[in-house]
Amino acid sequence: MLSSGQKMIIVIAVVSLGFVGYLVLPAMDITAQEQPEVFVTHSGAVVQTTGDVLDPVYTIQEVEFDPQKYLREFDYGEVSQLEDGTILREFTIIAEDDKIMEIAPGIFYNVWTFNGQVPGPTIRATEGDLVRIHFTNNGSKEHTMHFHGNHPAEMDGIFEIVGSNGGQFTYEFIAGPVGVHPYHCHVMPVEEHIGHGLYGVFIVDPKDARQQADEMVMVLNGFDTDFDGENNLYAANTIPYYYQHHPIQINTNELIRVYVVNMVGLDPINNFHLHGTLYEYYPTGTDMVPSQFTDMTTFSQSERGILEFEYEYTGRYMFHAHLTEFSEKGWSGLFYVKDSSQPNMEVYAYGS
Amino acid sequence: MLMEVKRSSRTKTAVSVIVPFVLLAVMIGYVFGPGSELISFGVVIPEISIEKVEFVDSEIIATVRNTGPIAVNIVMADINDRIYPAAIEPDKHLERFESAIVRIPFEWNEGEPYAVGLTIDDGTRFEKQVDVAAPSIQPTVEMITYFAIIGTYVGIIPVMIGLLWFPFISKLSRSKYKFFLALTVGLLLFLGISAAEEAIEISAENLSDVFNGVLLVATVSIVSFLALNYVGEKLMKRAGASKLAGPVAIALMIAIGIGLHNFGEGLAIGAAIVLGEAALGAFLIVGFALHNTTEGFAIAAPMARTKLMIGRLVAMGMIAGVPAIFGAWVGGFVYSPLSAVIFLAIGAGAIFQVIVTIMRWIQNEEGKLSNSSVLAGIAVGMIIMYVTSLLV
C-alpha cells in the first residue's frame, strides 16, 4: 500500500508529465481527413495533404463581392431631361462603415462602403450632363464624397462634412472633363477612409461616343489588414487573385477598353503590365490621342487612364503588377481570349 | 458501527472538498459565462507563434502554435511576404495552445535568409525570420550515429577523463579534500546558474509571452529540485547506516544532476548543427568537452574517501555523460524551444539539489560550512568554470 504522500506525488508527476507532453509533442494528426485534399503550387506541382489547404482561391459561390460582375457594371443613374434639354442623372449613394467582408478566403476585414461594396458603383455620365448625387451617411463616422473633375468648391466634399448615422448631402455638378476619375471619401485621415474602401470610379464619356468596345473597369486596390502600415493584399477589383482563377473572357480581334484607376494607398506607386499584346494608353482619358503604345504603365496614388487593345491570338494572357511584390500578393489576373468566330468554345476552368 | 462512522466522515470530507469548487464554478459561470456583460471591455488580441521552421525537399515547414487568448484560424501562408499556396495539418483551426504544421511548397536556396509569414482570419500577419536556410536533418542511421559520436566526445569521454583525478583526490589531506569537495560545489553552482540562464534566454527569444518564460523556468526547476530531493533522501535512507553508501549516493546524485545538465549541452549542440550554425556547433563541442572534464572531477570527489570502486565510478561517468547523446538526438531531430526550456530547467533544479546535498554532507562531516577551505573551494570552482566557459 502506498502512503497518501506517495499517492499525491504520483498524481502530481502524472499530471505534470501529461501537461508537458501536450505542449512539447508535435501536433498529433488525430483529426486527419479520410480524403486527402490536393492543391496546385505556383510552379504547377500537385501537393496532397491530410489537413486543410491554405490557398487564396475563391469559388463563385463563396464570393461576397463579385469582381466579374463589377468589371462590366456601369451605373448611368436615373435619367431625366431638364427644360433646357440638359440630361439629369440622379444617383443614390449610401455610405456605411460597419461591414465585415471576407476580402480573401478566410480573411475578414472591416470594409467601409459606398452602396455596400468596395469599390463603390461605377458612376457614368456624358460630358455636360447634370449629375446629382443624393448622399446619405449611415456610417458611425463622418464621411463625404469627393469627385475628381470640374465642380464648384462647395461640391468638392472637403469642408461639407456629412455627419454620421443618417447625415445627408446632395452633390450636384456638370459632368466633366471627359475621362476616367476616382471619387472617394475625403474625411481625415484620408488614408484610413480610402484604405477601408471608400472609393469608386467616375467615368465621363465624350459627347461623340468612343468607338464601340468591350469595356471594363479595374480599380487597383490594396488592404492593410493588420494596420502595420504595409498592405497585406493587393488586387484588381478588391479580391486577390480573383481573375487569376476566374479569367476575364474576351474575344480575338475585338477592341477591349479598360478604365484603370489606382487607389492603392501606403505604397507610392503601382503599375499595370499586359501580356501578349500592347495597348494604346490615354492618361486620365482626357485626350482622344493616346500618349503611348506600351504594355507597362506606372500609376502613382489615384493616377488613372484608359487602355485600348486587341488580341490576335486565342489563349490565356496574364495582366498584373510588374511590381512583383504586388502581383505575388494578389494583384494578378488572366484574360482568356476566345476565337470570336467560334463563340461557343468551352469555358476555361482553373486547374484544367 | 465503527466502519460506518468512518465512511460517513469520509463522505463529509469529500463534500467539504467539493462544495467550494462548485461555488467557484457557479461564480465563474455567472461572471464570465454566456449572457454576462460584466467583463466585456477591451479588445481581445489573437496571437500565434511560429516556433520552428524546417527546410526539406522543395518545402518549407513551419510549426505554429496559438499562443493568444482565443481560438484562431490560419488562413494564408507566405514566404518573404509573397503569398504561396500551402497546407496546414492537422487543420487550420487552432484552439488555445494548440499547434499545427504548415507545409509551404517552395524551392528554397541553401544559405539564404527567409521570412515565413502566416496570416490569421482577422488579417493579422505573424512572421518568423530564419537567418540561414539549411536542409533539416532527418533521423537517418548516419545522422543518429553522428550525433551519438558527438555526444560521446562531449559527454562521456571528458567525464571519464575527469574521473581519472580520483587517485589524486583520495590521497589528499582532510582540509585539502574539503577544499576539492567545495570546489565541486562551485562548479555545480556555475552550471546550475548557466542552465537557468540559458533556459530563460531561449524562452525570451523563442517562446511566446504567454508561457511566462521566467516563471516556467522557476516552476520546473523547483519541482525538479523537490522531486530529486525526495528521491535522494529515499536513496540515502536505503543506503542506510553503511558508511560507504553515503558518498556513493551523493556521487550518484551528482552524476544524475550533471547528466541532466549534459542533456542540455547535447541539445545546444544538436540544435546548432541543425540550424546550420556549423562554426557555433564546433565551438560548442570543443568548449563543452574541456568544460566537462571538471564534471568528472565533481563525481570523483565525494567518493574519494571510499575504496576505489572502478565499476561504480564508470557507471556514474556514464550516467553523467550518456545524456549528452540523447540531448544531441533531441536537439537535432525534434528540437522545440519549449522542450529545450523544460529540459534545461529540470537540469538546473537537479544541480541545485545536488549542491544542497553536498553542502549538507560537508556540514555533517565538519559541523560547519564557513570554513576557509570550503569558501575558497566554492570560489575557485566558479572561477574555473567561468574561464573554461569562455571557450564555448
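Because the structure is predicted, anything quoted here is derived from the model rather than measured.

A. Local environment of the overall build of chain A. Within chain A one finds 5 helices and 23 strands. Taken across its 352 residues, chain A has 50% of its residues classed as buried. Relative to all contacts within chain A whose residues are 6 or more apart in sequence, the contacts with residues 24 or more apart total 68%. Only carbon and sulfur atoms are counted for the fraction: they give 54% of the accessible area of chain A, which is about 16,100 Å².

B. Just the overall build of chain B, in detail. Within chain B, the regular secondary structure consists of 11 helices and 9 strands. When burial is assessed residue by residue, chain B has 50% of its 392 residues classed as buried. Within chain B, contacts between residues separated by at least 24 positions form 75% of all contacts whose residues are at least 6 apart in sequence. Of the roughly 18,700 Å² of accessible surface on chain B, 68% is carried by carbon and sulfur atoms.

C. A negative patch on the surface, seen in detail. A grouping of Glu197, Glu198, Glu201 and Glu205 of chain B is seen on the molecular surface, where their side chains present a negatively charged patch. Within the secondary structure, glutamate 197 of chain B is located in helix 4 (residues 174-206).

D. Layout of the interface of chain B and chain A. Contacts between the two partners involve 40 residues from chain B and, on the opposite side, 38 residues from chain A. Where chain B abuts chain A, roughly 3,100 Å² becomes buried across the two surfaces, and 60% of that area is made up of carbon and sulfur atoms. A per-residue breakdown of the area chain B buries against chain A is headed by Ile83, Pro85 and Pro90 of chain B, which together make up 20% of the total. Taken together, chain B and chain A are joined by 1 salt bridge. In this structure, the salt-bridge partner of aspartate 81 of chain B is lysine 329 of chain A, at a minimum N-O distance of 2.8 Å. The interface formed by chain B and chain A contains 10 residue pairs in polar contact (both at pLDDT 80 or more). At the level of elements, strand 2 (59-66), strand 3 (72-79), strand 4 (82-84), strand 5 (86-89), strand 7 (99-105), strand 8 (114-120), helix 5 (213-239) and helix 10 (337-366) of chain B are the ones that each hand at least two residues to the side of chain B that touches chain A. A per-element tally of the side of chain B that touches chain A places strand 7 of chain B first, with 5 residues. For the side of chain B that touches chain A, the residue count by class is 20 nonpolar, 6 polar and 14 charged. Pairing of strand 3 (residues 52-54) of chain A with strand 5 of chain B, which is carried by 3 bridges, proceeds in the antiparallel orientation. Each residue of the ladder has a partner; that of valine 53 of chain A, found in strand 5 of chain B, is alanine 87 of chain B.

E. Broad picture of the packing of helix 4 of chain B against helix 11 (residues 372-389) of chain B. Residues and elements named next belong to chain B. With their axes 6 Å apart at the nearest point, helix 4 and helix 11 run at an angle of 45° to one another. Relative to helix 11, the element helix 4 is oriented oblique. Handedness of the crossing formed by helix 4 with helix 11: right-handed. Touching Ser175, Lys178, Phe179, Ala182, Leu183, Val185, Gly186, Leu187, Leu189, Phe190, Leu191 and Ile193 of helix 4 are Ser373, Val374, Ala376, Gly377, Ile378, Val380, Gly381, Met382, Ile384, Met385, Tyr386 and Ser389, all from helix 11. Of the residues belonging to the contact of helix 4 with helix 11, the class tally is 17 nonpolar, 6 polar and 1 charged.

F. Structural detail: the packing of helix 2 (residues 141-163) of chain B against helix 8 (residues 310-321) of chain B. All names here are of chain B. The interhelical angle for the contact between helix 2 and helix 8, taken along N-to-C directions, is 140°, at an axis separation of 8 Å. As helix 2 packs across helix 8, the resulting crossing turns out to be right-handed. Contacts between helix 2 and helix 8 involve Gly155, Ile156, Val159, Met160 and Leu163 on the former and, on the latter, Leu313, Val314, Gly317, Met318, Ala320 and Gly321. Taken together, the residues of the contact of helix 2 with helix 8 break down into 8 nonpolar, 3 polar and no charged.

G. Spotlight on the sheet that holds strand 7 of chain B. As summarised here, the arrangement of the 5 strands in space is 3(A)-5(B)-7(B)-2(B)-1(B), forming an open sheet in which the pairing is antiparallel. Pairing within the sheet leaves two strands with one partner each, and these edge strands are strand 3 of chain A together with strand 1 (48-56) of chain B. Direction aside, neighbouring strands of the sheet carry axes that sit 25° apart on average. Sheet topology note: the strand 2 of chain B/strand 7 of chain B ladder contains 7 bridges and is antiparallel. Residue pairing across strands places isoleucine 60 of chain B opposite isoleucine 104 of chain B, the latter belonging to strand 7 of chain B.

H. Here's a closer look at helix 2 of chain B. Along its 23 residues, helix 2 of chain B runs 31 Å from first to last C-alpha, staying within 8% of the 33 Å computed at 1.5 Å per residue. Residues Phe147, Ala148, Ile150, Gly151, Val154, Gly155, Ile156, Pro158, Val159, Gly162 and Leu163 of chain B constitute the buried set of helix 2 of chain B.

I. Fine view of the pairing of strand 22 (residues 315-320) of chain A. Residue and element names in this part refer to chain A. Taken together, the 2 bridges between strand 17 (residues 269-274) and strand 22 define a ladder with antiparallel strand orientation. Bridge assignment links histidine 273 to a residue of strand 22, and that residue is histidine 320. Strand direction decides the pairing type here: strand 22 and strand 23 (residues 332-338), joined by 6 bridges, are antiparallel. In the strand pairing of strand 23, tyrosine 317 is matched with phenylalanine 335.

J. Looking closely at the nonpolar core. Within the largest apolar cluster, 59 residues are counted, with the highest numbers of intra-cluster contacts made by Met218, Phe272 and Phe335 of chain A. Discounting chain neighbours no more than four positions away, the residues touching methionine 218 of chain A are Leu71, Ala236, Asn237, Ile248, Val258, Tyr259, Val260, Val261, Phe272, Phe319 and Phe335 of chain A. Within the second largest apolar cluster, 42 residues are counted, among which are Leu188, Val248, Ala304 and Ile355 of chain B.

K. Representation of helix 11 of chain B within the structure. Residues and elements named next belong to chain B. Its 18 residues place the ends of helix 11 26 Å apart at the C-alpha level, agreeing with the 26 Å of an ideal helix rising 1.5 Å per residue. Those residues of helix 11 lying buried are Ser373, Val374, Gly377, Ile378, Gly381, Met385 and Thr388. Down the axis, helix 11 shows its buried residues gathered within 140° of arc, on one side only. More than 90 degrees from the buried face of helix 11, the exposed residues found are Ser372 and Ile383.

L. The pairing of strand 7 of chain B, seen in detail. Residues and elements named next belong to chain B. By the criterion of burial, strand 7 is predominantly enclosed, with 6 of the 7 residues buried. When strand 5 meets strand 7, the two strands line up antiparallel, connected through 3 bridges. Across the sheet, residue isoleucine 88 finds its bridge partner in strand 7, namely valine 102.

Reading the values: the criteria
Residues numbered from 1 in each chain as written. Chains lettered and ligands numbered in written order. Predicted model: local features only at pLDDT ≥ 70, side-chain atom pairs only at ≥ 80, totals over all residues. Heavy atoms only, no water. Helix = DSSP H or I, 4+ residues; strand = E, 2+ residues; numbered from the N terminus. Buried < 20%, exposed > 50% of the residue type's maximum accessible area, 1.4 Å probe, protein only. Contact = heavy atoms within 4.5 Å. Areas by Shrake-Rupley, 256 points an atom, 1.4 Å probe, with all protein chains shown as cover. Patch = residues over 30% accessible without salt bridge, like charges linked within 9 Å, V, L, I, M, F, W, Y side chains within 5 Å. Salt bridge = Lys/Arg side-chain N within 4 Å of Asp/Glu carboxyl O. Lys, Arg positive; Asp, Glu negative; His and termini not counted. Charge placed at Lys NZ, Arg CZ, Asp CG, Glu CD. Buried area = accessible area lost by both parts, 1.4 Å probe. Polar contact = N/O pair within 3.5 Å; in protein donor to acceptor, adjacent residues only side chain to side chain. Nonpolar A, V, L, I, M, F, W, Y, C, P; charged D, E, K, R; others polar. Pairing = 2+ DSSP bridges. Axes fitted to C-alpha atoms, helices over the stretch in contact; angles between N-to-C directions. Parallel < 35°, antiparallel > 145°, perpendicular 65-115°, else oblique. Left-handed = near helix turned anticlockwise from the far one by under 90°. Expected span 1.5 Å × (residues − 1). Core = buried A, V, L, I, M, F, W, Y, C linked by side-chain atoms within 4.5 Å. Arc of directions from axis to C-beta.

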